Amino acid sequence: MTIPQDVNASERSDARSRPAVVESRDLARNYLFGKEVVHALCGVTFDIAEGDWVAIVGPSGCGKSTLLNLLGAIDRPTRGSVVINGTDVAGMVDR
């Protein structure tokens, strides 16, 4: 996760010492569109620590919804992993 430059050093070290509640490692999602492969996400890695506030922003088509679908276990990644509170979502089953 990128920590904004305006955050002071003590807040940065505090963010690193708090446990990660969301972990994304080398997350990728590809889709077939006809004969073409669309690389919606490529190698996304970050941690979100307990108590962090996060905004996912970017232009249309950059993968925001794809990322949220993977983090919410609505979709499965082509590569990589999502761990929420210590549980890899790949091992979860539908109810």
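Residues numbered from 1 in each chain as written. Predicted model: local features only at pLDDT ≥ 70, side-chain atom pairs only at ≥ 80, totals over all residues. Heavy atoms only, no water.

**Some details on the sheet that holds strand S1 (residues 20-33)**
Sheet architecture is open: four strands sit in the order S2-S1-S3-S4, paired in antiparallel fashion. Edge positions in the open sheet fall to strand S2 (36-49) and strand S4 (87-88), since each of these has one partner strand only. Where S1 lies against strand S3 (residues 79-84), five bridges are found, and the strand directions are antiparallel. Bridge assignment links Ala28 to a residue of S3, and that residue is Arg79. (Pairing = 2+ DSSP bridges. Helix = DSSP H or I, 4+ residues; strand = E, 2+ residues; numbered from the N terminus.)

**Here's the deal with the pattern of salt bridges**
By the definition in use, this model includes five salt bridges. Across the pair Asp47 and Arg25 runs a salt bridge whose closest N-O atoms are separated by 2.6 Å. Placement of the pair is Asp47 in strand S2 and Arg25 in strand S1, with a sequence separation of 22 residues. Taking the relative accessible area as the measure of exposure, Asp47 reaches 30% and is therefore partly exposed. Among the charged side chains, a salt-bridge network with shared partners connects Glu23, Arg25 and Asp47. (Salt bridge = Lys/Arg side-chain N within 4 Å of Asp/Glu carboxyl O. Buried < 20%, exposed > 50% of the residue type's maximum accessible area, 1.4 Å probe, protein only.)

**Observations concerning unusual backbone geometry**
The phi dihedral of Asp26 is positive, around 50°, even though this residue is not glycine. Along the chain, the position of Asp26 falls in strand S1. For Asp26, a relative accessible area of 35% gives the class partly exposed. Its identity is not glycine, yet Asn85 carries a phi of approximately 50°, on the positive side. Positionally, Asn85 belongs in the loop between S3 and S4. With a relative accessible area of 57%, Asn85 lands in the exposed category.

**Digging into the confidence of the model for the protein chain**
Scored by pLDDT, the protein chain has a mean of 87; 83% of the residues are at 70 or more. Looking over the protein chain, one finds the lowest element-wise mean pLDDT in helix H1 (residues 9-17), namely 59, and the highest in S3, namely 97. (pLDDT = per-residue confidence, 0-100.)

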